[in-house]
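# Residue-level structure breakdown
Next come the chains, spelled out residue by residue.
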Amino acid sequence: MRISRKWLEKFFDAPLPEAQKIVDALTFHAFEIESVEKVAADDVLDVKVTPNRGHDCLCHRGIAKELSAILNIPLTHDPLSGKSDLPAGKSDLPVSVSIKSDLCRRYIAVLVRGVKVGPSPKWLRERLEAVGARSINNIVDATNFVMLNIGQPLHAFDISKIKSQNSKVNIEVREENGRLMITDGHADKVLGVAGVKGGPESLITESTTDVILESANFDGISVRKTSAALKLRTDASQRFEQGIPPELAGFGALCGAEMIQNLAGGEIAGFVDVYPRPQERRIVSVTLEKINKVLGTDLSEKEVSDAFARLGLKSEGNFTVRVPFERLDLEIPEDLIEEVARIVGYDKIPALPLEPDPSLGKPPVNPNFYAAEKTRDELMSQGYSEVYTSVFAERGERAVLNKVGGGKPYLRDGLIPGLRDALERNSRHKDILGLKKIKLFEIGTVWKDGEEKIALSAFLQIPVHRARRCVLDCRKNRRGKNNSKRGRTTARKNITVRQVRKERKDVARVPSGVPILRAHADRAGGERNYT
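In this text the structure is predicted, and so the values were computed from the model without any measurement.

Remark on secondary structure: sheet strands pair via backbone hydrogen bonds, oriented parallel or antiparallel. With antiparallel pairing, the four strands of this open sheet are ordered in space as S6-S11-S5-S12. Each edge of the open sheet is held by one strand with a lone partner, namely strand S6 (154-158) and strand S12 (267-274). For this sheet, the mean angle separating the axes of adjacent strands, direction not counted, is 20°. The pairing of S6 with strand S11 (residues 211-218) spans five bridges and is antiparallel. When the sheet's bridge partners are listed, His 155 is paired in S11 with Glu 214.

What follows concerns the nonpolar core. Ranked by internal contacts, the top residues of the largest apolar core, which has 105 residues, are Tyr 107, Ile 182, Ile 212, Phe 218 and Phe 308. Every residue in contact with Ile 182, bar those within four places of it in the chain, is listed here: Tyr 107, Phe 157, Ile 171, Glu 172, Val 173, Lys 189, Val 190, Leu 191, Gly 192, Ala 194, Glu 214 and Phe 218. Judged by nonpolar contacts, the second largest core, of eight residues, contains Ala 372, Leu 379, Ile 443 and Ala 458.

With phi around 55°, Phe 319 is a residue other than glycine that occupies positive phi space. By the secondary structure assignment, Phe 319 is in the loop between strand S14 (315-316) and strand S15 (320-322). Classification of Phe 319 as buried rests on a relative accessible area of 3%. The phi dihedral of Asp 449 is positive, around 55°, even though this residue is not glycine. By the secondary structure assignment, Asp 449 is in the loop between strand S20 (439-448) and strand S21 (451-460).

All right, on to the pairing of strand S7 (residues 169-176) then. Across the eight residues of S7, six count as buried, placing the element largely inside the fold. Alignment of strand S4 (residues 95-99) against S7, held across five bridges, turns out to be parallel. Its bridge partner being in S7, Val 97 is matched across the sheet by Ile 171. Where S7 and strand S8 (residues 179-184) come together, six bridges link them in antiparallel fashion. Its bridge partner lying in S8, Val 173 is registered against Ile 182. Linking two consecutive strands that pair antiparallel, namely S7 and S8, is a turn of two residues; a positive phi of about 55° is found at Asn 177 within it.

Attention shifts here to the layout of surface pockets. The calculated volume of the largest pocket comes to roughly 1000 Å³. Among the elements that take part in the lining of the largest pocket, helix H6 (residues 138-150) stands out by supplying six residues, more than any other. Per-class residue counts for the lining of the largest pocket are 24 nonpolar, 13 polar and six charged.

A separate point is the packing of aromatic side chains. Scanning the entire structure with this criterion turns up five aromatic pairs. Judged by centre distance (5.3 Å) and plane angle (55°), the rings of Phe 218 and Phe 240 are tilted. Of the two residues, Phe 218 is situated in strand S11 and Phe 240 in helix H8 (residues 235-242); the sequence distance between them amounts to 22 residues. A single burial state applies to Phe 218 and to Phe 240, both of which are buried. Clustering of aromatic rings is evident, with ring pairs tying together Trp 7, Trp 123 and Phe 145. The side chain of Arg 127 reaches across the aromatic face of Trp 7, ending 5.5 Å from its centre.

For the rest of this paragraph, the subject is the side chain of Glu 172. When you line up the elements, Glu 172 lands in strand S7. Within polar-contact distance, the side chain of Glu 172 engages the side chain of Arg 174 at 2.7 Å. If we skip the residues at most four places from it in the chain, Glu 172 touches Ser 98, Lys 100, Met 181, Ile 182, Thr 183 and Gly 185.

The contact between helix H10 (residues 288-295) and helix H12 (residues 333-344) brings their axes to 10 Å, and the two run at 70°. With respect to H12, the element H10 is oriented roughly perpendicular. The hand of the H10/H12 crossing is right-handed. In this structure, H10 contributes Lys 290, Ile 291, Val 294 and Leu 295 to the contact, and H12 contributes Pro 333, Glu 334, Ile 337, Val 340 and Ala 341. Taken together, the residues of the contact of H10 with H12 break down into seven nonpolar, no polar and two charged.

Quick notes on the rules
Residues numbered from 1 in each chain as written. Predicted model: local features only at pLDDT ≥ 70, side-chain atom pairs only at ≥ 80, totals over all residues. Heavy atoms only, no water. Pairing = 2+ DSSP bridges. Helix = DSSP H or I, 4+ residues; strand = E, 2+ residues; numbered from the N terminus. Axes fitted to C-alpha atoms, helices over the stretch in contact; angles between N-to-C directions. Core = buried A, V, L, I, M, F, W, Y, C linked by side-chain atoms within 4.5 Å. Buried < 20%, exposed > 50% of the residue type's maximum accessible area, 1.4 Å probe, protein only. Contact = heavy atoms within 4.5 Å. 1 Å grid on protein atoms, 1.4 Å probe; cavity = no way out; pocket = protein on both sides within 12 Å on 5 of 7 lines; lining within 4 Å. Points joined across faces, edges and corners; volume = space filled by probe spheres on them. Nonpolar A, V, L, I, M, F, W, Y, C, P; charged D, E, K, R; others polar. Phe/Tyr/Trp six-rings, centres within 6.5 Å; stacked < 30°, edge-to-face > 60°. Lys NZ or Arg CZ within 6 Å of the ring centre and 35° of its normal. Polar contact = N/O pair within 3.5 Å; in protein donor to acceptor, adjacent residues only side chain to side chain. Parallel < 35°, antiparallel > 145°, perpendicular 65-115°, else oblique. Left-handed = near helix turned anticlockwise from the far one by under 90°.

Below, the structure is given as C-alpha cells:
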C-alpha cells in the first residue's frame, strides 16, 4: 500500500523523522518497504503489509499506530480512540435496511440531505493523488479518503435513483448465484456488488442532492471469490478480503458522514444500523515467565509493560490484555509474545543453540535429504547450476486429472527432457554470460514404475566432436578395440560412471554413496547426463 509521509504526520503533534528512518523502523519491526518515491514535497512509501495485518494496517491510521509504538511517539490524533456509538435511528427516516445473508455482518446506511456535488478542495485532491487515487468529486473523494485513512470502505448512493414505496426506500443485502449483492428492495434492481463495486444505477452525479452513505462489513472469503470470478479487484475488495472488524463500520459511518457534510454541505438526517451479531471483544493472557522462555530473554516486567503500553494494549495483573477491536490477529498468548519481541527489537534477542531433547536420542537423518544435499554441494563446487523444471510432461505413466495445460497432461517419469530444454535455452545466452560451457543439474521428484522417486540429472554441454570421442574411447575400453562404426551406432548406450570419469576429467564427479545409477554421453547434443 502507498503511504504518504505528510498524511502520517496528521496523526502526531511531534514531527516525524525523515523518510529513511521511517523505512528502517517499519522494516525492522513491522513490514517490508518496497520503495520510496518523491511526489512533489511528499515522500510516498510502498509498504508491503503482511496478510495477517491487512485488517488494520491497509490504511494510514494503522501505519501511524505502528510508528507510534516503534518510535515511541504518542499518537495524539487517533480517529479510533473514541466511541463509535451511532445516534438512535429515527422512526420516520425514509430508509430501511434488510439483511438476508449471514455473509453480511453489519450494514449502516446514513442519509445526508441537501448536498452540493462538486470538485474537492486542493488539499484533498493532493492527498489522494499522492497515493495513486484519482479525484472524482467531493462525495466520492470523501469515501475514498475515509477508506485510506482508517481502512473502512464506504459507498455512496443517490437516493433519488432508488425506488421508494410509501415514501421509503429499502436497501436489501442478499445472495445471488453465490455472490453477495446490494439491491433495491422495492424494484429488484442491483445497486452494487457487495464489497467490490457500486453499480451505475445509483451513481453520484452533479444533480445529486440526497445521499445514502453505506458503511458495511462483508465476509472476506465471499468478497474474494466474487472479485476473482468477476476479475475485478478494487481497493475496497482488497480490504474486505483481509477481514475487517465489524466495529470499524461505525467509525467509518461517522467519519464519512461528517466529511461529506464538511465538503458538500447538507444535513445528516439519520442512521440505520443493522448489526445482528455484535463483535465479541477478546481477552488474552500471558505470563512473564512464558514470554522469556519462548524468546530466550530475561526481560523485566517493566520492559514488557512498556511494550504493551506503546502498542495500546492495556494489560492487568499477570499481563491479561483486553484486545482492541481492530487487532483481529491477537488470539493466543504467542501472539502477544510476538508483539513484545518486535517492539523490543529482534536484534536485542540473543541467539541461543537449540538444545536437543535427550529423551529422543540421536536425531535420525533423512537419507534422501542427506544424499541430495551432498550431491548438490559437490556439483555446485564444480561449477554446476541447479535448475527446477516443471513436473508436468507430454508423456508419462501417471495422468493428471486437473490438467494445467493441454500439452502436458502427465507427471514426468524422468528429469532428462526438462533439463535438456533448460540447457538449450541457456546455451543461447552463454556468450552474453561469458561462459564457455553450460553446466546444469536438477534434483527432483519423478513418477516411474508406479512409485514416486527422487532423481538426479546433470548435463554438461561440450563440443560435439569431444562428446563423440568420449563415447568411442569408452567403447574401446569396454571391448578392447576401437570399432568406430559400431561406436557410432551405439553412442547413446549406457557407459559406467567409472569409465566416464577415467576418460574425461571434466565430467562432474558424483559423491560415493549417492544413489545415481548410470551415466550417458549424448553424441548428438554434446551433453552428459547423470540420472
